[in-house]
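Architecture at a glance
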Amino acid sequence: MRLGSGTFAACCVVIEVLGVALFLRGFFPAPVCSFSGTEHQTESPAPEPSAGAISNWTKLPPPLFSKVVIMLIDALRDDFVFGSKGVKFMPYTTYLVEKGSSHSFVAEAKPPTVTMPRIKALMTGSLPGFIDVVRNLNSPTLLEDNVITRAKAAGKRIIFYGDETWVKLFPKHFVEYDGTTSFFVSDYTEVDDNVTRHLDKVLKRRDWDVLILHYLGLDHIGHISGPNSPLIGRKLSEMDSVLMKIHTSLLSEERETLLPNLLVLCGDHGMSEAGGHGASSVEEVNTAMILISSAFERKPGDVRRPKYIQQTDLAATLSIGLGLPIPKSSVGNLIFPVIEGKPMREQLRFLHLNTVQLSKLLQENVPSYKKEPGFEQFKVSERLHGNWVRLYLEENSSEVLSNLGSKVRRQYLDALRALSLSLSRQAAQYDVYSMAVGTVLVLEVLALLLLSGPRALSGKAELDVPLPSPAFSLLCYLLPLGLVALHVTVCTSAGGTCYLCSLPWLTAGGVMVLISTLLCAVLSALTGMFAGGKRLSKNPPQCNSRWSELDLLILLGTVGHTLSLGASSFIEEEPQTWYFLVNTLCLALCHEIYRNCFLGDDCAPQSCPHAGEDFDGVAAAPQGKSPGPDVWELDRASRHPSPLGALRGPERWMVLASPWLILTCCRLLRSLNQTGVQWAHRPDLGHWLTSSDHKAELSVLAAVSLIMIFVLVQKRCSLASKVAMAFGLLGIYCYRVAIGNLLFPWQQNNKDISKGITEARFVYVFVLGILFTGTKGLLKSQITADDFTVKTVGLWEIYSGLVLLAALLLRPHNLPVLALSLVIQTIMTQFVWRPLRHDAAEVTVMHYWFGQAFFYFQGNSNNIATVDISAGFVGLDAYVEIPAMLLTTFATYTGPVLWASHLVNFLTSEASRPAPETQASGTLCLCTKLTSTSVDGAKVANCHLLRLRELSPRWLSLWKGPQSVSSECVKSQHKEVSVLSSPPSLSGQEGSGVSRLPAEHRRPDAPGEGSRARAEARHPLGLSLGCPLLGVGGKALGREEAMLRGPALQGSPAGWTGSQVGPKAWA
């Protein structure tokens, strides 16, 4: 059966998407929510339980507070209020916490600790998922049941000032609002002034019930300079004065009202030691929460220490305080100290409403809810509560009633904790079955692509799918039945908690049939491949190739890292994996260098014909273009690497010392920024440098790093780019001085802090100028067929512009990361890759490894708390979404981007490497090496220079054995292949045969002039064609002749030009 390559690819993509969706559905389970929605808001509340008596309390209790003010300070970490900073900078708040009418708490925020999910948690009481991290960028309308919607439906008048996220979540809910953007982190003054300027007017009015204030300045300061910045203290003092103004106003108003008012001071999330947030560290999840009201009067000697609660508890508490039903999806508990001073009957009534709401939510989300301990405790509590109500209605005021009430209250509180824990556990429970099925689908498709990819991408544009034998067919028929039986067993034992088990049986059965079909296809492809391998083994090709230690390390390291991503602990500590791989790579390179230097070429690994020889071939230029690395060329270096033992003097010592220098640089970089989970809290050089006491040391280090960057980058730039680079780096130092990070040599302290917009824009001008110069040179080399040097200089200038941009966006203490990255790139280029003649696949993988390692050397990790958002606003005086996103992304991925750019420059600058437009060859070579171990001697045979000249080359072709390739090449010589005319510079006479090589240029075993030695012609992607290189009159060139012609056939004025190519194309 034959399938078109397009059909095959489309089917693989569809199945791959299905597998990934199933895996994500299991990894990110559906959140715990009420399926009744908000349309049933008018349903009656649960009546008070009674045992044989008729209760007269069937309505909601009246509100506890007249007005509620929520003052939310973004990134208000608990120690900012309850620690030394609070004592120093927030004296009024500290007084309320220690002696005032208040209850203080440390509220734990569940990850993701970003603003929009935390607002949802505060107002709905539910646990947002990680998908809300994406929604945080553009918050949609909140449709889930919440306190704001309930309050508006009850006629409450709500006013809001602050973060515009609230306006997006609750449109048309506020009678008055003024929103400010939360993404312009460079602004930490006006963003809060826009909130405070409304206070005097609003606090004098009586036409509102709920006032919400969201201050962003503290969070912005954290993003800019971290929690230890001196700006933090100033902002905390400002917030303390605002709190005092609100509290005194509410106290004066209470004299005219019957009910007390409530002031809530809270944070949405914390702040990491680096100033970010989003992950699950203690500093990010622990936030301060203070409930202030005259109803919370304390007795003399009453010491109230901060208690630990969940942030989701606020939704239920606010609902009870405003006389509203608790949101249906809330998993929080009523904060009991709020109602502790109320009569026993009201306390039990409030607790009963909370437990009824949680029990209903448990029934809707947990099929086996009756077995949950919280539900059993709830039933016991409700029964005891009924007995208490019966005694109360009988007007029994004995001590028995009081003791029973205390017992019921304890039982309710235990039931609330158990129910909340069960629901929270349900929200974080993995669906392992769906994850396993999705993983199997993805792996089957990947295996099928690996086995069938070469044929699917062939020139015939079709894939031959062999039909299995009858015995094999019987196995494929029985396999779906076994999978269906397994599915039934899993669903029966899982109790219906799996997503696949909730699907209709027909749909689930289709998934099982799909898995079995893919498995049969993979087994069929494997059978055919091994059968073909046995046939080829009867006449094996002559190949002395073997895998080197470096190849094995690259393969095992890449595969091992991929497998490690299946464990969450390895994902959390992925930086340690990359540090280990990079260090091991350096030791492997050291072993290879020492072996080649002291043992000679005899111990050097031979290149494999499937990957190592991919870069051997002939350079033939299309008509009208001067030959360069973007056309075919002969790679003599990959076949005959120069022995390192021949090196003498300082160069030899630099080659020998290069791995140890790289190891030293990597060790220094590891000490600069601690990252991961287990290591992030440990002290590092970055924290030491960023403290205000070591600004002078940081200034010296930043200046030295900028000088190193200039020295390493300018060597291949044009004069104009060198000048622009120098002024740009000077502007970067001035920008950091302007914003207070660094000092000039003549300064003792920098008190004049600005946003540095002028200095940053000054640098942007030079960045754009260098990028424009490089792009112009690159386009000129492509359009006007200019000298190849223009192309390499253009690419390097683009790379230099990216380096200058990275230096501007990175924090000052990370400038050594950029400088040492350039040092390692220079050492690897000059003393490792070129002397050892590594092929493009190895160089590509090494660039990838170092790029990933430098991603973590910057201080990044796999949680979003380490994303430096402030980099997106360098030089901006207003929030512009697209530039901010691009700058933030580039600053975060500076390491991988710069190493990928250096890879393009390196492969392009090497005469034996493919051009930038065919840089995928490095990856293809690696894939070729992996797949060709099973199909020994496979070659790519079908490539057309005619298509290459039309700028639409056919990259891959049908895989064929060596003998069939040779026969096709011989046939094509008589049909389509034009005879190459010998360059005058080589032959001395046009049309003459190939001159015989001098004796000094021959090896002892070199073939003579009349030999038919093969010189592998090169595909534009670097894939070996396996065809003989022809001389004049169809005569095959010897290997030495072809090698010595390689340089003359490219680029030199007397060399071979495109006009010398015959009218026919190469087959």
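Report follows, based on the coordinates.

Rules behind the numbers
- Residues numbered from 1 in each chain as written.
- Predicted model: local features only at pLDDT ≥ 70, side-chain atom pairs only at ≥ 80, totals over all residues.
- Heavy atoms only, no water.
- Helix = DSSP H or I, 4+ residues; strand = E, 2+ residues; numbered from the N terminus.
- Buried < 20%, exposed > 50% of the residue type's maximum accessible area, 1.4 Å probe, protein only.
- Contact = heavy atoms within 4.5 Å.
- Areas by Shrake-Rupley, 256 points an atom, 1.4 Å probe, with all protein chains shown as cover.
- Disulfide = S-S within 2.5 Å.
- Salt bridge = Lys/Arg side-chain N within 4 Å of Asp/Glu carboxyl O.
- Phe/Tyr/Trp six-rings, centres within 6.5 Å; stacked < 30°, edge-to-face > 60°.
- Lys NZ or Arg CZ within 6 Å of the ring centre and 35° of its normal.
- Polar contact = N/O pair within 3.5 Å; in protein donor to acceptor, adjacent residues only side chain to side chain.
- Axes fitted to C-alpha atoms, helices over the stretch in contact; angles between N-to-C directions.
- Parallel < 35°, antiparallel > 145°, perpendicular 65-115°, else oblique.
- Nonpolar A, V, L, I, M, F, W, Y, C, P; charged D, E, K, R; others polar.
- Pairing = 2+ DSSP bridges.
- Expected span 1.5 Å × (residues − 1).

1. Quick word on the overall build of the protein chain
When helices and strands are tallied, the protein chain shows 40 helices and 12 strands. Out of the 1067 residues belonging to the protein chain, those deemed buried represent 53%. Long-range contacts, defined as pairs at least 24 residues apart, comprise 76% of the intrachain contacts of the protein chain with a sequence gap of at least 6. Just so you have it, the protein chain exposes about 46,900 Å², and 62% of that area is on carbon and sulfur atoms.

2. Comments concerning the state of the cysteines
Throughout the structure, instances matching the rule amount to one disulfide. Each sulfur in the disulfide pair Cys491 and Cys501 lies 2.1 Å from the other. Here the S-S torsion is close to -90°, and the disulfide linking Cys491 with Cys501 is therefore left-handed. Taken as a pair, Cys491 in helix H19 (residues 470-494) and Cys501 in helix H20 (residues 499-502) lie far apart in primary sequence, 10 residues in all. A single burial state applies to Cys491 and to Cys501, both of which are buried. No disulfide involves Cys11; its sulfur sits 7.0 Å from that of Cys12, the nearest cysteine.

3. Overview of the pattern of salt bridges
On inspection of all chains with the given rule, the structure shows 21 salt bridges. Here Arg345 ties to Glu48 by a salt bridge, and the two come within 2.7 Å at their closest N and O atoms. Of this pair, Arg345 sits in helix H15 (residues 344-365) while Glu48 sits in the loop between helix H1 (5-27) and strand S2 (68-73), and the two are 297 residues apart along the sequence. Its salt-bridge partner being Arg811, residue Asp868 comes within 2.9 Å of it at the nearest N-O pair. Taken as a pair, Asp868 in the loop between helix H33 (840-857) and helix H34 (881-892) and Arg811 in the loop between helix H31 (788-809) and helix H32 (815-836) lie far apart in primary sequence, 57 residues in all. Here the two residues Asp868 and Arg811 agree in accessibility, since each one is buried. Each of Lys67, Arg206 and Glu253 takes part in salt bridges that share partners, so that together they form one network.

4. Here's the deal with unusual backbone geometry
Here the bond from Pro111 into Pro112 is cis, since omega is 10°, no more than 30 degrees from zero. In this fold, Pro112 is placed in the loop between strand S3 (102-108) and helix H5 (115-124). One non-glycine residue, Lys172, adopts positive backbone phi at about 65°. With relative accessibility at 79%, the residue Lys172 sits in the exposed group. Of note, Arg837 is a non-glycine position whose phi angle comes to about 55°, a positive value.

5. Structural notes on the packing of aromatic side chains
Applying the stated criterion across every chain, the model contains 22 aromatic pairs. Seen in terms of ring centroids, Tyr579 and Phe857 are 5.0 Å apart; in terms of plane orientation they differ by 10°. Their pairing is stacked. Of the two residues, Tyr579 sits in helix H24 (residues 574-599) while Phe857 sits in helix H33, which places them 278 residues apart along the sequence. An identical accessibility class is assigned to Tyr579 and Phe857; each is buried. Relative to Phe766, the ring of Phe727 lies with its centre 6.0 Å away and its plane at 15°, an arrangement referred to as stacked. Taken together, the residues span a long stretch of sequence, with Phe727 in helix H29 (residues 719-738) and Phe766 in helix H30 (residues 757-783) at a distance of 39 residues. Grouped by ring-pair contacts, the aromatic residues Tyr579, Phe850, Phe854, Phe857 and Trp899 constitute a single cluster. The residue whose ring lies beneath Lys67 is Trp208, and the NZ or CZ to ring-centre distance is 4.2 Å.

6. Remarks on the environment of Asp868
The spacing of Asp868 and Ile224 is 644 residues in sequence and 8.2 Å in space, taken between C-alpha atoms. Residues in contact with Asp868, not counting those within four places in the same chain, are His223, Leu809, Arg811 and Thr888. Side-chain polar atoms of Asp868 contact the side chain of Arg811, separated by 2.9 Å. At 2.5 Å, the side chain of Asp868 and the side chain of Ser870 are in polar contact.

7. Focus on the packing of H24 against helix H26 (residues 650-672)
Where H24 meets H26, the axes come as close as 9 Å, and the angle between the chain directions of the two elements is 170°. In terms of their interaxial angle, H24 and H26 are classed as roughly antiparallel. Facing H24, whose interface residues are Gln576, Tyr579, Val582, Asn583, Cys586, Leu587, Leu589, Cys590, Ile593, Tyr594, Cys597 and Phe598, H26 presents Arg652, Val655, Leu656, Ser658, Pro659, Trp660, Ile662, Leu663, Cys666 and Arg670. In terms of residue class, the contact of H24 with H26 is made up of 17 nonpolar, three polar and two charged.

8. What about the sheet that holds strand S8 (residues 286-292)?
One key point about sheets: their strands pair by backbone hydrogen bonds, in either a parallel or an antiparallel sense. Read across the sheet, eight strands follow the order S5-S4-S6-S2-S7-S8-S3-S9 without closing on themselves; strand pairing throughout is mixed. The open sheet terminates on both sides in strands that have one partner only, identified here as strand S5 (176-180) and strand S9 (307-310). Averaged over all neighbouring strand pairs, the angle between strand axes comes to 15°, with direction disregarded.

9. Description of H29
Between the first and last C-alpha of H29 there are 29 Å, a value that for 20 residues agrees with the 28 Å anticipated at 1.5 Å per step. Within the span of H29, buried status applies to Ser721, Ala724, Met725, Gly728, Leu729, Gly731, Ile732, Tyr733, Tyr735, Arg736, Val737 and Ala738. Following H29 by one or two positions, Gly740 adopts a phi angle in the positive range, close to 90°.

10. Some details on the pairing of strand S4 (residues 158-163)
Counting buried residues in S4 gives six out of six residues, a clear majority hidden from the surface. Note that S4 and strand S6 (residues 210-215) share four bridges and pair parallel. Each bridged residue has a counterpart across the sheet, and for Ile159 the counterpart in S6 is Leu211. Across five bridges, the pairing between S4 and S5 is parallel. The residue of S5 that forms the bridge with Gly162 is Gly179.

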